[in-house]
Protein chains: 2
Amino acid sequence: MMVERLSELDRDEALDGLTEWDWDESRDAISRRFVFADFNEAFGFMTRVALLAEKADHHPEWSNVWNRVDIVLTTHDAGGLSARDIDMAEAIDALVG
Amino acid sequence: MMVERLSELDRDEALDGLTEWDWDESRDAISRRFVFADFNEAFGFMTRVALLAEKADHHPEWSNVWNRVDIVLTTHDAGGLSARDIDMAEAIDALVG
């Protein structure tokens, strides 16, 4: 499946709906930090994201330190942000309510 | 429980037994990269490490990109490497055989 990098217009429109995410122009990626009560909650969240990612076959770059999870989304095949990143960001946001 | 930073002597002895791990002097931390066949294997490994970490109440700083997991171990309470990091590194190594 061909994955297209979003045009600037589509990207700006998508980012309007993802106010909690930061856009990194240098990487054409979006990122968000999630903070939980403790490691148990943080890793529980990661497990849910892992299942989403595997199902969508679209995986984050992410890191975890104790109660904190940092997620970066970009589409290597498209050389930047694609609709798959926006869909994944929305699905992840839905997990945290 | 008081956790003591390892002396240089104890650290060098411990690192001799952890040949797959790199020591980062600037952070007084040890790190190792693990590479798996795919995300399924990588996250399966992370889940096992998470259970070890939670049981030991000693958690890694780590990141994952697709089939790759990078783990950093240090003991913030001790201001550097402690016996808890060595124990955790050995337990993690035991998972990958």
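Residues numbered from 1 in each chain as written. Chains lettered and ligands numbered in written order. Predicted model: local features only at pLDDT ≥ 70, side-chain atom pairs only at ≥ 80, totals over all residues. Heavy atoms only, no water.

- For chain A, the name recorded in an unreviewed UniProt entry is Putative pterin-4-alpha-carbinolamine dehydratase, with Sphingomonas zeae as its organism.

1. Observations regarding the sheet that holds strand 1 (residues 22-24) of chain A
Inference 1: If you walk across this open sheet you meet the eight strands as 1(A)-2(A)-4(A)-3(A)-3(B)-4(B)-2(B)-1(B), and the pairing is antiparallel. Two strands in the sheet have a free side with no partner beyond their single neighbour: strand 1 of chain A together with strand 1 (22-24) of chain B. The mean angle between the axes of side-by-side strands here comes to 20°, regardless of whether they run parallel or antiparallel.
Inference 2: Pairing analysis gives six bridges linking strand 2 (residues 29-35) of chain B to strand 4 (residues 68-73) of chain B, with the strands arranged antiparallel. (Pairing = 2+ DSSP bridges. Helix = DSSP H or I, 4+ residues; strand = E, 2+ residues; numbered from the N terminus. Axes fitted to C-alpha atoms, helices over the stretch in contact; angles between N-to-C directions.)

2. Focus: the layout of surface pockets
Inference 1: Put simply, the largest pocket is a space of about 300 Å³.
Inference 2: In terms of lining residues, the largest pocket is bounded by 15 residues, among which Asp57(A), His58(A), His59(A), His76(A) and Asp77(A) are the most central.
Inference 3: Per-class residue counts for the lining of the largest pocket are six nonpolar, five polar and four charged.
Inference 4: Taken as a whole, the second largest pocket encloses approximately 260 Å³ of empty space.
Inference 5: Together, 14 residues line the second largest pocket, and Asp57(B), His58(B), His59(B), His76(B) and Asp77(B) are the ones closest to its centre. (1 Å grid on protein atoms, 1.4 Å probe; cavity = no way out; pocket = protein on both sides within 12 Å on 5 of 7 lines; lining within 4 Å. Points joined across faces, edges and corners; volume = space filled by probe spheres on them. Nonpolar A, V, L, I, M, F, W, Y, C, P; charged D, E, K, R; others polar.)

3. Description of the pattern of salt bridges
Residues and elements named next belong to chain A.
Inference 1: Under the criterion given, the structure shown has 12 salt bridges over all chains.
Inference 2: In this structure, Arg27 engages Glu61 in a salt bridge whose closest nitrogen and oxygen atoms are separated by 2.9 Å. Of the two residues, Arg27 sits in the loop between strand 1 and strand 2 (29-35) while Glu61 sits in strand 3 (residues 61-65), which places them 34 residues apart along the sequence.
Inference 3: Classification of Arg27 by relative accessible area gives partly exposed; the value is 39%. (Salt bridge = Lys/Arg side-chain N within 4 Å of Asp/Glu carboxyl O. Buried < 20%, exposed > 50% of the residue type's maximum accessible area, 1.4 Å probe, protein only.)

4. Some points on the relation of the copies chain A and chain B
Between the two copies of the chain lies a rotation about an axis combined with a shift along it.
Inference 1: In the superposition of chain A on chain B (RMSD 0.0 Å, axial shift 0.0 Å), the rotation amounts to 180°. The two molecules are tied by a two-fold rotation axis, judged by turn and shift. In terms of C-alpha distance to the rotation axis, chain A has Ser63(A) as its closest residue, with the C-alpha 2.0 Å off the axis.
Inference 2: Interface overlap between copies: 100% of the residues of chain A at the interface are likewise at the interface in chain B, consistent with a symmetric, same-surface contact. (Least-squares fit on C-alpha atoms with pLDDT ≥ 70 in both. Contact = heavy atoms within 4.5 Å.)

5. Let's talk about the interface of chain A and chain B
Inference 1: Taken residue by residue, the interface counts 15 residues in chain A and 15 residues in chain B.
Inference 2: In this assembly, chain A packs against chain B so that about 1400 Å² is buried in total across both faces, 71% of it on carbon and sulfur atoms.
Inference 3: Summed over the shared surface of chain A and chain B, the result is zero salt bridges.
Inference 4: The interface formed by chain A and chain B contains two residue pairs in polar contact (both at pLDDT 80 or more).
Inference 5: Mapped onto the side of chain A that touches chain B, the elements with two or more residues apiece are helix 2 (39-56) and strand 3 of chain A.
Inference 6: The greatest single-element share of the side of chain A that touches chain B, amounting to seven residues, is contributed by helix 2 of chain A. (Buried area = accessible area lost by both parts, 1.4 Å probe. Polar contact = N/O pair within 3.5 Å; in protein donor to acceptor, adjacent residues only side chain to side chain.)

6. Some details on the nonpolar core
Inference 1: Ranked by internal contacts, the top residues of the largest apolar core, which has 48 residues, are Ile71(A) and Ile71(B).
Inference 2: Beyond its immediate chain neighbours, meaning those up to four positions away, Ile71(A) contacts Trp21(A), Ile30(A), Ser31(A), Arg32(A), Phe34(A), Phe45(A), Val49(A), Pro60(A), Glu61(A), Trp62(A) and Ile92(A). (Core = buried A, V, L, I, M, F, W, Y, C linked by side-chain atoms within 4.5 Å.)

7. Digging into the pairing of strand 2 of chain B
Residues and elements named next belong to chain B.
Inference 1: For strand 1 and strand 2, the ladder comprises three bridges, and the chain directions are antiparallel. Note that in strand 2 the partner of Asp22 across the bridge is Ser31.
Inference 2: Where strand 1 hands over to strand 2, the hairpin turn is made up of four residues, of which Asp28 adopts a positive phi near 50°.

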